[in-house]
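Coordinate analysis (summary)
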Amino acid sequence: MKELQDILSRMEPAAAISALAPVLKNILAHLDEEDRVKFVTDMIDEPNGDKLSSMVHL
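Not measured: the values here are computed from a predicted model.

Conventions adopted
- Residues numbered from 1 in each chain as written.
- Predicted model: local features only at pLDDT ≥ 70, side-chain atom pairs only at ≥ 80, totals over all residues.
- Heavy atoms only, no water.
- Salt bridge = Lys/Arg side-chain N within 4 Å of Asp/Glu carboxyl O.
- Helix = DSSP H or I, 4+ residues; strand = E, 2+ residues; numbered from the N terminus.
- Buried < 20%, exposed > 50% of the residue type's maximum accessible area, 1.4 Å probe, protein only.
- Expected span 1.5 Å × (residues − 1).
- Bend = angle between axes of the 7 residues up to and from the residue.
- Patch = residues over 30% accessible without salt bridge, like charges linked within 9 Å, V, L, I, M, F, W, Y side chains within 5 Å.
- Areas by Shrake-Rupley, 256 points an atom, 1.4 Å probe, with all protein chains shown as cover.

With that out of the way, let us pick up the pattern of salt bridges. Counted under the stated rule, the structure contains two salt bridges. Ionic pairing is found between Asp6 and Lys2, a salt bridge with its closest N-O pair at 3.2 Å. Taken together, the positions of Asp6 and Lys2, both in helix α1 (residues 2-10) and four residues apart, correspond to about one turn of that helix. Judged by relative accessible area, which is 30%, Asp6 ranks as partly exposed. Judged by relative accessible area, which is 57%, Lys2 ranks as exposed. Lys38 is paired through a salt bridge with Asp42; the nearest N and O atoms lie 2.6 Å apart.

What follows is the structure in structure tokens.
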């Protein structure tokens, strides 16, 4: 896992997202809706932040 994190950290953000998108799409397809929503909200949630306001900025 550390090796993957190192590789991604050396990439430009847009390139890292492009590389991860197909893999994440496949993984998320195997989760139920509740787990997918939790993953996305956890990813965009800032510490001590308001989830709703974070989602509005998307």
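Still more to cover.
Another aspect to go through is helix α2 (residues 13-29). Under the 1.5 Å per step criterion, the end-to-end length of α2 is 23 Å for 17 residues, consistent within 8% with the ideal 24 Å. Along α2, the sharpest change in direction is near 40° and occurs at Ala21; proline Pro22 comes one to four residues later.

Along the polypeptide, Leu20 turns up in helix α2. The sequence separation of Leu20 and Leu8 amounts to 12 residues, and the corresponding C-alpha distance is 9.1 Å.

Another point: a nonpolar patch on the surface. Taken together, Val23, Leu24, Ile27, Phe39, Val40 and Met43 make up a surface patch of nonpolar side chains, about 490 Å² in accessible area. Taken together, the elements giving at least two residues each to the nonpolar patch come down to α2 and α3 (33-44).

By themselves, these are just geometric observations and shouldn't be taken as functional.
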